[in-house]
Each structure stands twice: as structure tokens, then as C-alpha cells.
Amino acid sequence: MNLERLPNEEKLSLCRKYYLGGFALLPFLWLVNVVWFFKEAFVKPPFTEQTQIKTYVKRSGLGLFCWVTILTTWITIYQHFRAQWGEVGDYLSFTIPLGTP
Amino acid sequence: MHFQNILVHLQFHFIGNYALKQPSNEPISPVHFIYIAHLTTENVSNVLYIAKKKTIKDSEDHTTTLSSLSGDVGVLHLLESEENLDWVLRTGLHPPYMVIMESALFTRSVMMKLKNGSSRVAGVAVVVPSANPPQGFSPHNKCPNENSGVYSESYGPTLAHCNTTVWNPLGNGLSYEEFDFPIFSLKDDNDTQLIKQCYVDHNRPVNGSDPQYPLCAMQLFSHMSAVTNTATCMRRNTNGFTFSPESICEPLGDHNIWAPAKPLNTTQKGHKAGESMVMATLDSRSFFSEIGPGAESAASGLITLLAAAHALRNATQEAQLSRTIFYTFFHGETFDYIGSSRMVYDMEKNQFPIDLDNVHSVLEIGQVGLFSSSKVWLHTDPVSRRNGSVEEEVKKLVSNLQTAAKGLNVSVEEPGVTQPLPPSSLQRFLRARPFPGVVIQDYSSSFANMYYQSMFDNADSLKMSYPPNLTPEEQLNYVTDTAKVRAYMMLRLLVNTANFYISVERQTSLPTVLVQHLLANLTGSTANVTQEDCKNQRENQDDKESKHVSYSWVQGAAPPNSTERKGFCVRSTVHGTKALSPAFELEDYNSKDYSTWTESNWKQIKGRIFLVASHDLEVNQSAKATHSRVLLNGPRCQGLYRLLT
């Protein structure tokens, strides 16, 4: 979809949809929001809806950052300690490579 | 070979003296010994590379050697001495190294050093010599099965853990160590010469200068699926999340073969007459899987028991004995008494045709192949002998055996000191209840076998030799007595062909099948039954009753004038029952009471050598190797396993 052709109200509504959608445990929507609307929010010359788009993009960015932190922390802990957790580690795992503890 | 003859005579005399004294009012002391033969044979010669030590897991420790999924590659290095290890572990420029060594260097100190430096070691290949090392070699523990026998803190604590006498002083415990790299064995033949030549041509430092690329490298594949211990891998076998149906490890197991001298009623559990159990062992092992010669540790006793069963066949059929002999062959005794613990468990749970109540006494034949100065030793358990009635029975047993041996050229003695029973199946029976029992061995305080549970426990270790310059026919004639001939032939057959390693349950080992059919043939009788009926375990078409005998169809030999074999049916009392540790029935994989050994599954076992042009290419050698030769490939390499306990 080419944002150039859209009127500003529709851009705002799209941004808002992606922002609200990310709350449903969908951080990739926030990622898309940030990447897609970055130019609109910060680079383009000001237009009426820009302040709101800017808010949405900033908040999406914040949410994205939280998710990245949480996921990175958990993945690191899991990869490092799963072998030591014994039974619990096995029950948490979907697939364990053969031949590794 | 005369030892078997002697033991056969021993039993025969025993029965002759006692069984036929019948019709008085005193009860006959029946034949109440069990021959426990430990049958082990070695089969080193026919396999090129016995493959690496498999991974065996245990709940306490685990024995493993494994490679990565894509195989381990290392630059070849021929280890010349223990000091030469320095090159591999510290000074060499092209780690990781694939170390090739002669078996003289395959010692605990060398292997431990390699284990500690395993970041620079890609794998080990041991060249197996054709002659046994004269100083002995045993990768088993110094005190075999010390935690699964009868002696513990509550039963004879001063006798536990080999405090009084060390049974296997040459044991270096290598079989129970964990290694992070594959260990293969190579036969000393042309392929091995090629490997050594490759090293000499490309890898050897000349005049102090470092070897340059291209270097000779070897890649060994032996990826094992299971890790950590039995509890973990059994849990992962049945983990609900994974979709893959393949299991990663399987318990060790096989079958116990047993045969009462007279038929029992096998459908009725718990037989109330008196039985005397005679036991033997069917299995052995070595450091390398797929090699399990065990001539002295298993074959010697097993053959003796078979010979005895055959010799006593007629006597036990005709004589009216108040007790029957119950010949038993246990499998898996090497791995914490898998077979005997299972049988005792079945007896306790009334799942077996006879109960522990019915067992009057036990005689076991242990390692009997290495007679020295014609002495046979009778080992008994001092703790159970503190009980008056048990002591009486044991004394009777011992004196009977001594009397029976009087006419023969062998002396039967008890070791004069208070010492525990050696590792034997009788110990598991004593755990259940104090039976009077005797274990016959050829040693008094430590094994005469210098190659206990190793790949060298073969015909040479038994010193089975003929005078030189005899043709095979003459060699057979050299052994004149027919019983001796038969026993000798069986021993020869087993020692050179059979691998006594127990392996997993779904794979029946050769000794089990052999013993089952041999025992049937030697103790049973020909039956006039058609082949179809025979194979369906019935006497004829109308026979619907449940049987206490078993039938087996023998293919037979072809008569002189035709090529078709003339088969016949043998009716005997031989049965096989599952020898799987009770821990797997109870699903208690951390059990301290029962054996918990399992074997890992693997993908492929193979190896190859090639020239590698630079270090980066070592990683992706399959595409860039300039010359590669496949040495070991799948179907012939069966010996790899990872054993977990």
C-alpha cells in the first residue's frame, strides 16, 4: 500500500489501527507501525494529523522496546539454563535437539 | 578343556551317590546346585573397527563417547608415547587432533589426559593387536557391580565395596567414563596401515619443523541421540510435545533361558515342590560395543552348565528325586544383574512358575576357564551362614561337592578367609532371602582373568591351544572323550563367533538363541511331531491343553545321498523369559535397587580419511577433500552405543 496516495485522515486511522492491534500481544504490528510511519511522523513537513501520528509511533516504539527486552531476556535465560532445569526444562521445550543435554 | 569334564563328572558323581540311594526313609538330598556359568566370548577378529564405545547411561554416572551430528574432523596424529601427548594437548599447531594409538597406550592415564584436553581432541582410534597384552587389561571397575549386589551398609557392611578383597585389581574403570569425543577401534590390517602411512607422509613433524598443509585428516561419525542419564532420556522418549516417533534410547534387555530337569506346570504360577536352581550368565561386554568376547567371564561357565545339563539328562529323568534341578542362564549380569534381578522380581510377584519358597539352594558356575594347579574354589556368603540352618545346608553342599571331586584330578576348596561372594547372580537371590548357595570359581581372592570384560577375553586368554602341527581333524581327535569334544566344539564356536553384549531388548543376542536351542537339544528328546505342529507348540492337531514343555524345530543335517535337510522336532522343558530390569516395569528410572542401563540410538557410524588443504576447509571438508576413502560404513559398524544408567 502506498501511503502517498492516501489522504491524511486515512493515514491516521491506519496508524491508530496498528497501534491498537499491537496490544493484542502482537509486537510486530508495532514494529510495522514504527517502520512504516516513521517518515510520516518525523520527516515530512507538518500536517494536521501529524502530531497524533507521532504519538502513536512513539508509543508503538516504546511498546516494541519493552517486548524486545522481555523476549531477549527470556530467550537468553532459557538457552543458558534449560539443561540445568531437568524435568521442568523438558516440559517447557517443544523440541530438544538430539544428542544435547 | 578338562575343567568341563571334571565339573561334569562332579555333578554326575554327586547324583550317582545321592540320587539313587532312594528308597530309605530319609529324604534324598537332591541335586540342588545351580550351575551358573558366565559365558563370555570375544569376537575381535572379524570386525574391522569395532566402532566406538557406545554411550551407556546410568543414573549416577554415564559412559559416553559421541561425535557431533556432522561428524568430528581432526588432523591425524599417531601417538607414539605418553609424552607425545604434549603435542596433541599443548604444542601442536593444528588442533583438533584425531589421535591414533596402539592398544598399549590405551591406558587410564592417557585417556584421562585426553579427556581433560578434549577441546583439542577430535577423536581417538585404537589399533587392536592380534595378541593379548601380557600385562592384562580390564576396562571394568575394580569392584564389579558393587552397588547392585547384596553387600551394603545393612548387609555385611565390612564386606561391601571390596573392603576385604578386590575382585578385579587390574580394572581401570575406563568403560564407565564419559568422553566428549568418539573412540573407535581399528583392526591392525591394510586399512590401518594406510592410515599410518598417511600420517607419516603428511603429518609427521620432520627435523623439528612443523607439518604444513595439506594434512591428513580423519572424520568419525558416531552421533548419539541420548544424553545425561537414563531418567532424562526415557522422559524425552515419551515427551508429549514432540511429534517425532523415534525414540532416543532403549533399555538393555534380552531373555533369560531356563529349563527344569523335569517339566513343571508353567501355567500354574507358584510351584510347590522343591527346586534347586543352577545358574549361568549369558553376557559380557568390552569397552567397545559389538565386541564382547567374554571367553572366560561368560563362555567358560555357560558351556560347563550346558555340558552338565546334558550329562545329567538321563540320570534326572529316571531317578525319583525329591528336588529337581532348575537350569538357568541369566542375561545382563554385567550391567547390575539385569536378568537375575528380573527373575527374583518375577518370583516375588508370583509371575514365575516357581516361587522363592520353592528354591532350596543355589549353585552358580562363575569363571571356570582358567584352572591353576587343578583347584576349584567354592565361594559362599558369610553373612547368611551365620544362620544355623543355612550354615548346615551350605556345609552339606560343600562336602557333597568335595566328595564328588575326590575321584577326579581336581581339588575343591573354600577360600580360608571370611570374604564376601564375588560378583555373581547368587547375590541377587540373597537380597530376597538367605538361600544356601555356592559359587564355583577358578580363583580364591581375585580374578584369575586378566582381561575381565575386555576385548581381549578371547580364546587366547583361555589358553585354548593344541599342540602345533595338527590339522583340524587331528585337533578334534586330540580331544577324545565325546562329552569333551562336544563341549570343546561348543566353546570354540562361541568363542570365535558370538558377541556376548546384551544390547537392547528388541535385539536378541546370539548366545541367547544358541543356548536356548543347545539346551533344548541336550536336555530334550526327539518328538514325533510334524513341523507345523512343532512350530505351533502343540503335540498334534487336537492338542489344546496348555503345555509345560516346549517344542523347537531343528533343521537337521542332510543325509549323505541328498541335499535336503531332514528336520525333526525336539520336545524339551526350555523356556525363555524376558530379562528386562524391573526398573523399567516400575518406571522408576532413578532406581537404586535395580539396574537402569539404557542404550542410545544413533544415526550412522562411519569414518573416513582424506587430505585437507587448509584449516578453513576442515569444516567443509566434504566438498573440498582432495582424496577421501570411506573406511567404516553403516551396516558393518554396529558396535556403537551409548549406554546410560
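Residues numbered from 1 in each chain as written. Chains lettered and ligands numbered in written order. Predicted model: local features only at pLDDT ≥ 70, side-chain atom pairs only at ≥ 80, totals over all residues. Heavy atoms only, no water.

All names here are of chain A. Counting across every chain of the model gives 29 aromatic pairs over all chains. Ring plane angle 75° and centroid distance 5.7 Å describe the contact between Tyr 18 and Trp 36, whose orientation is recorded as edge-to-face. Residue Tyr 18 is found in helix H1 (residues 8-21), and its partner Trp 36 is found in helix H2 (residues 27-43); the two are separated by 18 residues along the sequence. Here Tyr 18 falls in the partly exposed class, since its relative accessible area comes to 24%. (Phe/Tyr/Trp six-rings, centres within 6.5 Å; stacked < 30°, edge-to-face > 60°. Helix = DSSP H or I, 4+ residues; strand = E, 2+ residues; numbered from the N terminus. Buried < 20%, exposed > 50% of the residue type's maximum accessible area, 1.4 Å probe, protein only.)

The subject of this paragraph is the domain arrangement of chain B. All names here are of chain B. Along its sequence, chain B is organised into domain 1 (3-27 + 255-524), domain 2 (33-246 + 598-633) and domain 3 (525-572). Taken together, the contacts link 94 residues of domain 1 with 60 residues of domain 2. For domain 1, the biggest contributors to the area lost against domain 2 are Phe 287, Phe 288 and Phe 456; these three give 16% of the whole. One can count zero salt bridges joining domain 1 with domain 2. On inspection of domain 1 and its partner domain 2, the count reaches 20 residue pairs in polar contact (both at pLDDT 80 or more). Residue assignment for the side of domain 1 that touches domain 2 shows that the elements contributing at least two residues are helix H1 (2-18), strand S10 (274-281), helix H6 (295-311), strand S11 (323-330), strand S12 (359-365), helix H10 (426-432) and helix H12 (482-497). For the side of domain 1 that touches domain 2, the element with the most residues is H6, which contributes 11 residues. Partitioned by chemical class, the residues of the side of domain 1 that touches domain 2 number 49 nonpolar, 32 polar and 13 charged. (Domains from an automatic or database assignment. Contact = heavy atoms within 4.5 Å. Buried area = accessible area lost by both parts, 1.4 Å probe. Salt bridge = Lys/Arg side-chain N within 4 Å of Asp/Glu carboxyl O. Polar contact = N/O pair within 3.5 Å; in protein donor to acceptor, adjacent residues only side chain to side chain. Nonpolar A, V, L, I, M, F, W, Y, C, P; charged D, E, K, R; others polar.)

Moving on, we come to the pairing of S11(B). Residue and element names in this part refer to chain B. Counting buried positions along S11 yields eight of eight residues, so the element is predominantly enclosed. Going residue by residue along S11, you find Arg 323, Ile 325, Tyr 327 and Phe 329 tucked away on one face and Thr 324, Phe 326, Thr 328 and Phe 330 tucked away on the opposite face as well. Sheet topology places strand S9 (residues 253-260) next to S11; four bridges connect them, and they run antiparallel. Opposite Pro 260, over in S11, you have Phe 326 as the bridge partner. As defined by bridge partners, S10 adjoins S11 across eight bridges and the pair is classed as parallel. From the neighbouring strand, Met 279 faces S11, where its bridge partner is Thr 328. (Pairing = 2+ DSSP bridges.)

In this structure, B:Leu306, B:Tyr327, B:Phe329 and B:Leu519 are the most contacted members of the largest nonpolar core, which totals 53 residues. Residue contributions to this core peak at nine residues, all from H6(B). (Core = buried A, V, L, I, M, F, W, Y, C linked by side-chain atoms within 4.5 Å.)

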